[in-house]
Amino acid sequence: MISSSRFLKACRREAVDATPVWFMRQAGRYMAEYRALRQRYSLLDICRAPDLATTVTLQPVQRIEVDAAILFSDLLLPLEPMGLPFDFIKGEGPQIERPINDAADIDRLTLFEPRESLGHVLQAIKQIQVELAGRVPLIGFAGAPFTLASYAIEGGHSNHFAKTKALMYGHPDAWHRLCEKLSSVVADYLVAQIEAGVDAVQVFDSWVGTLSESDYREFALPHTRRIFEAVGTRVPTIHFGTGTATILDSLRDAGGDVIGVDWRMPLDAAWDLIGDGHAVQGNLDPTLLLGPPTRMFRQTDDILARVNGRPGHIFNLGHGILPSTPVEHVQMLAQYVHSASRRGRG
């Protein structure tokens, strides 16, 4: 049964035979088969076509000893049916056509039914589960309100989030209206993914590390908590952000059975801050996969030593696999985590 998989057992802080491992962005540009598809299709083409999304989701499962698949999609997909169309510009990333500038733009945003407007994603989930046939669990995901709001306001990626914070600080009522809309949409979307068949969900708050703890608690936590409360206990939940060393306890308070930890903080120190009531995910620096395997393995040993057999650890990177990463290093790392953690339990 899939419920007895290493990954799901670790989410529940149960004993496992070996540490489960999966990688953020485990399907993507570092794989030749994905790059071949991208010669013919755009990223959005793949996200919108269930057959293509299924193919890409399965690519790493077929090549790497991962203990979970993650749905190939993009966290910005809910923005378009809300009234914020976007595209991906080569070399620049996502670009929102008409970014939010003021309260009137926020009031024009519409809520939608994800089972209709994002039905292609839900169809992909059903197809992926047929193809997986119980081999490994499938993780669904969505973006947290702060991260989605920052994209919507900045119009794309930002280094300083000046426009986002100007709206947040200068017009807090409008900010909270925006995040209430986003949290409502994301909660419905994740529940729809669960109904379609995902076995766990991850909420990505990729840019939340730009906030101080007091700002996080005022401007982000209530809206993210609403999402986790809506999902409830249907499936295990993972809460991930980067640059979050100073707000890990607040991330925990916002929700999630599993709290993601990036590489900027030792895993044992992070777990002590989060507390024994939660599992943790992490936390190898993704750039270590670009260097010699011996160093990558040495740092992996350090992470596993810091876990010291504590139940509830899911091995992952502190952020996504980088496009220039050799596939062989990803394969070796997954195998090494399994073998080293088995030895540690022997």
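None of the values given here were measured: they were computed from a predicted structure.

1. Some remarks on the nonpolar core
Logical step 1: One finds Phe 7, Phe 23, Trp 175, Tyr 216, Leu 284 and Leu 333 to be the most contacted residues of the largest nonpolar core, which totals 125 residues.
Logical step 2: Broken down by element, this core gets its largest block of residues, 13 residues, from helix 11 (residues 172–196).

2. Comments concerning helix 10 (residues 162–170)
Logical step 1: Restricting attention to buried positions, one finds in helix 10 the residues Thr 164, Lys 165, Leu 167 and Met 168. An end-on view of helix 10 places all buried positions within 160 degrees of arc, on one side of the element. Those residues of helix 10 that are exposed and angled more than 90 degrees off the buried face are Ala 162 and Lys 163.
Logical step 2: On its buried face, helix 10 sits against helix 6 (103–108), helix 9 (145–154), helix 11 and helix 12 (213–231).

3. Quick look at the pattern of salt bridges
Logical step 1: Per the stated rule, a full pass over the model turns up 18 salt bridges.
Logical step 2: Close ionic contact of Arg 48 with Glu 80 constitutes a salt bridge, the shortest N to O distance being 2.8 Å. One end of the pair, Arg 48, is in helix 3 (residues 43–48); the other, Glu 80, is in helix 5 (residues 79–82), and 32 residues separate them in sequence.
Logical step 3: Judged by relative accessible area, Glu 80 falls into the partly exposed class, the value being 33%.
Logical step 4: Of the charged contacts in the structure, one is a salt bridge between Arg 98 and Glu 97, with a shortest N-O distance of 3.7 Å.
Logical step 5: A cluster of three or more residues bridged by salt bridges with shared partners is formed by Glu 213, Arg 217, Arg 252 and Asp 253.

4. Focus: the pairing of strand 4 (residues 138–143)
Logical step 1: The buried fraction of strand 4 is high, at six of six residues.
Logical step 2: Burial of strand 4 is two-sided: the residues Leu 138, Gly 140 and Ala 142 facing one way and the residues Ile 139, Phe 141 and Gly 143 facing the other way are all buried.
Logical step 3: Across two bridges, the pairing between strand 1 (residues 69–70) and strand 4 is parallel. Among the inter-strand pairings, Ile 70 is bridged to a residue of strand 4, identified as Ile 139.

5. A closer look at the packing of helix 4 (residues 50–63) against helix 8 (residues 119–132)
Logical step 1: Remark: helix 4 packs on helix 8, axes separated minimally by 8 Å, with the N-to-C direction vectors making an angle of 45 degrees. Taken as axis vectors, helix 4 and helix 8 run oblique relative to one another. In terms of crossing hand, the pair formed by helix 4 and helix 8 is right-handed. In this structure, helix 4 contributes Pro 50, Asp 51, Ala 53, Thr 54, Thr 57, Leu 58 and Val 61 to the contact, and helix 8 contributes His 120, Gln 123, Ala 124, Gln 127, Ile 128, Glu 131 and Leu 132.

6. Overview of the packing of aromatic side chains
Logical step 1: For the coordinates displayed, the defined rule picks out ten aromatic pairs.
Logical step 2: Judged by centre distance (5.9 Å) and plane angle (55 degrees), the rings of Phe 146 and Trp 175 are tilted. Taken as a pair, Phe 146 in helix 9 and Trp 175 in helix 11 lie far apart in primary sequence, 29 residues in all. Like Trp 175, Phe 146 is buried.

7. Regarding the side chain of Ser 150
Logical step 1: Position of Ser 150 relative to the elements: it lies in helix 9.
Logical step 2: The class of Ser 150 is buried, set by a relative accessible area of 1%.
Logical step 3: Leave out the neighbours within four places in its chain, and Ser 150 touches Gly 155, Gly 156, Phe 161, Thr 164 and Trp 207.

8. Brief notes about the side chain of Ser 158
Logical step 1: Note on placement: Ser 158 falls in the loop between helix 9 and helix 10.
Logical step 2: A relative accessible area of 11% means that Ser 158 is categorised as buried.
Logical step 3: Here the side chain of Ser 158 touches His 160 through a polar contact of 3.2 Å, landing on its backbone nitrogen.

Each value, and the rule that gives it
- Within each chain, residues carry numbers counting from 1 in the order of the written sequence.
- Note on the predicted model: pLDDT of at least 70 is required for a residue's local features to be given, and 80 or more for side-chain atom pairs to be given and counted; whole-chain, interface and lining totals, by contrast, use all residues.
- Here the side-chain values reflect all heavy atoms present in the structure, with hydrogen atoms and water set aside.
- Here, the term nonpolar core denotes a set of buried Ala, Val, Leu, Ile, Met, Phe, Trp, Tyr and Cys residues that are joined through side-chain atoms within 4.5 Å.
- Only protein chains enter the area calculation, which uses a 1.4 Å probe; residues under 20% of their type maximum are buried, those over 50% are exposed, and those in between are partly exposed.
- The helix count covers DSSP runs of H or I at least four residues long, the strand count covers runs of E at least two residues long, and both are numbered beginning at the N terminus.
- Regarding the arc, it is the one traced by the directions from the helix axis to the C-beta atoms.
- Contacts are residue-level and defined by heavy atoms, with any inter-residue pair within 4.5 Å sufficient.
- Each reported salt bridge corresponds to a side-chain nitrogen of Lys or Arg within 4 Å of a carboxyl oxygen of Asp or Glu.
- Pairs of strands are assigned from DSSP output, requiring at least two bridges between the strands.
- To get an axis, a line is fitted to the C-alpha atoms, and for a helix only the part in contact is used. The angle between two axes follows their N-to-C directions and goes from 0 to 180 degrees.
- Note that the term roughly parallel is reserved for angles under 35 degrees, roughly antiparallel for angles over 145, roughly perpendicular for angles of 65 to 115, and oblique for everything else.
- A crossing counts as left-handed when the near helix is turned anticlockwise from the far one by less than a right angle, and as right-handed when that turn is clockwise.
- The pairing test for Phe, Tyr and Trp rings, Trp by its six-membered ring, is centres within 6.5 Å, and the orientation test on the planes gives stacked under 30 degrees, edge-to-face over 60, and tilted for anything in between.
- The definition of a polar contact used here is a pair of N or O atoms within 3.5 Å, where within protein one atom must be able to donate a hydrogen and the other to accept one, and adjacent residues in sequence count solely through side-chain atom pairs.

By themselves, these are just geometric observations and shouldn't be taken as functional.
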